[in-house]
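Structural description and commentary
So the chains spell out like this:
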Amino acid sequence: MENSVKTAVVTGVSSGIGLALTKKLLAEHYTVIGTTRSGQLSGFDHPRLHVVPLEATDEQSRTQAAARIRALTTGLDLLVNNAGTAPDVFAVEPAYGAFTQTLDTNVTGVVFFTELLLPHVRLGGQIMFVSSNMGLPRNAAPNGPGYRLSKAAINMYAAMLATRLADRHIRVTPLHPGWVQTKLGGDQAPATPEQAAIGIYQAVVSAPETGQFYNVALSGVEPF
Ligand SMILES: NC(=O)c1ccc[n+]([C@@H]2O[C@H](COP(=O)([O-])OP(=O)(O)OC[C@H]3O[C@@H](n4cnc5c(N)ncnc54)[C@H](OP(=O)(O)O)[C@@H]3O)[C@@H](O)[C@H]2O)c1
């Protein structure tokens, strides 16, 4: 592995925010271990980029991905839980399949993948959750039942983790990346993935207080 200052893991780098953030972190001299479901990333390569397979909903896949990550590095400075799905974002009534797929991916997958990597995050490291302001209670519009609940749950997990990891000085940040032009966000969104990546990197370097909710669109923290 080529020498670099810091090592980051970013999940879901096949497209959208994850891919743009990967490129931004590489430009900022990080070594990046990105995950995709296939373990491949077509159309982009870099000497400091490693791609490992991760299907977030599959326990064996999570375990194998974590083992591969541990073998690639001596410790993590940054973990960005970015992979996510939103199949019911336009629905009002919860449909069982979309609901459980969303919770399995955005909550169970994220929580248990994070737990596997926790021992490997360096003292003073950072854990970020690409969440959504749709998961804030004051934004309780009726659409997206699984999606809103999943992001609300991950906001709470992040807040709990912040307390739990305080003695290791690991900063935990749930964040809203803005409304972003991606497969998930659609093409009407005002922000590009590159703008979102710059905003997330700003959250990395600006050191918000651990456990606070960071809104990239506001360039700062906002209350839960
Ligand atoms: N775009 C927005 O406006 C917006 C707003 C708020 C929050 N977010 C959040 O931003 C994050 C990134 O989304 P995006 O907008 O960049 O959309 P995207 O382009 O669709 O990217 C989503 C990523 O998550 C991966 N993924 C989905 N399900 C997975 C699973 N079961 N296992 C492993 N990986 C999985 C996808 O992989 P595949 O390519 O294999 O499907 C893809 O790499 C999500 O957590 C989303 O909730 C986005």
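This structure is a prediction, so every number in the text was calculated from the model and none was measured.

1. Re the packing of helix 1 (residues 16–27) against helix 5 (residues 193–206)
- At a closest axis distance of 8 Å, the pairing of helix 1 and helix 5 adopts a crossing angle of 60 degrees. Of the possible angle classes, the one that applies to helix 1 and helix 5 is oblique. Viewed along their axes, helix 1 and helix 5 form a crossing whose handedness is right-handed. Across the interface between the two elements, Gly16, Ile17, Ala20, Leu21, Lys24 and Leu25 of helix 1 pack against Pro193, Glu194, Ala196, Ala197, Ile198, Ile200 and Tyr201 of helix 5.
- Classifying every residue of the contact of helix 1 with helix 5 gives ten nonpolar, one polar and two charged.

2. Some points on the site of the ligand
- Around the ligand, 29 residues are found, and the nearest of them are Ser14, Arg37, Tyr147, Val180 and Thr182.
- One of the side-chain N or O atoms of Ser15 is found 2.8 Å from an oxygen atom in the ligand.
- For the ligand, whose free accessible area comes to 890 Å², the fraction covered by protein is 91%.
- Among the elements of the structure, helix 1 and helix 4 (145–164) are those that each provide at least two residues to the shell around the ligand.
- Residues of the shell around the ligand, tallied by class, amount to eleven nonpolar, 14 polar and four charged.

3. Focus on helix 5
- Here helix 5 is 14 residues long and its end C-alpha atoms lie 20 Å apart, about the 20 Å a rise of 1.5 Å per residue gives.
- Every buried residue belonging to helix 5 is among Pro193, Ala196, Ala197, Gly199, Ile200, Tyr201, Ala203 and Val204, and all of these are buried.
- Residues of helix 5 that are buried make contact with helix 1, strand 2 (30–36), strand 4 (76–81), strand 5 (121–130), strand 6 (171–176) and strand 7 (213–215).
- Downstream of helix 5 by a residue or two, Ala207 has a phi angle that is positive, lying close to 55 degrees.

How each quantity is defined
- Counting of residues starts from 1 at the beginning of each chain's written sequence and follows it residue by residue.
- In view of the model being predicted, local features appear only for residues whose pLDDT reaches at least 70, and side-chain atom pairs are presented and counted only at 80 or more, with totals across whole chains, interfaces and linings using the full set of residues.
- As a convention, hydrogens and water are excluded, and side-chain values are obtained from all of the structure's heavy atoms.
- Angles shown run from 0 to 180 degrees and are taken between the N-to-C directions of axes, each axis being a line fitted to C-alpha atoms and, for helices, limited to the stretch in contact.
- Every helix listed is a DSSP run of H or I at least four residues long, and every strand listed is a run of E at least two residues long, numbered separately from the N terminus.
- Roughly parallel covers angles under 35 degrees, roughly antiparallel covers those over 145, roughly perpendicular covers 65 to 115, and oblique covers all other angles.
- We call a crossing left-handed when the near helix sits turned anticlockwise from the far one by less than a right angle, and right-handed when that turn is clockwise.
- Whether two residues touch is decided by their heavy atoms; if any such pair falls within 4.5 Å, the residues are in contact.
- Any residue that is not Ala, Val, Leu, Ile, Met, Phe, Trp, Tyr, Cys, Pro, Asp, Glu, Lys or Arg is counted as polar, Gly included; the first ten are nonpolar and the last four charged.
- By convention in this text, a residue qualifies as near a molecule or strand provided that one of its non-hydrogen atoms is within 4 Å of it.
- Distance and chemistry together define a polar contact, namely a pair of N or O atoms within 3.5 Å, with one atom able to donate a hydrogen and the other to accept it when in protein, and with adjacent residues in sequence counting only for side-chain atoms on both sides.
- What sets the accessible areas is the Shrake-Rupley method with a 1.4 Å probe; for residues, cover comes only from the shown protein chains.
- One fewer than the residue count of a helix, multiplied by 1.5 Å, yields its expected span.
- Exposure categories follow from relative accessible area, calculated using a 1.4 Å probe and restricted to protein chains: below 20% of the type maximum is buried, above 50% is exposed, and the middle band is partly exposed.

The values are spatial; any link to function lies outside them.
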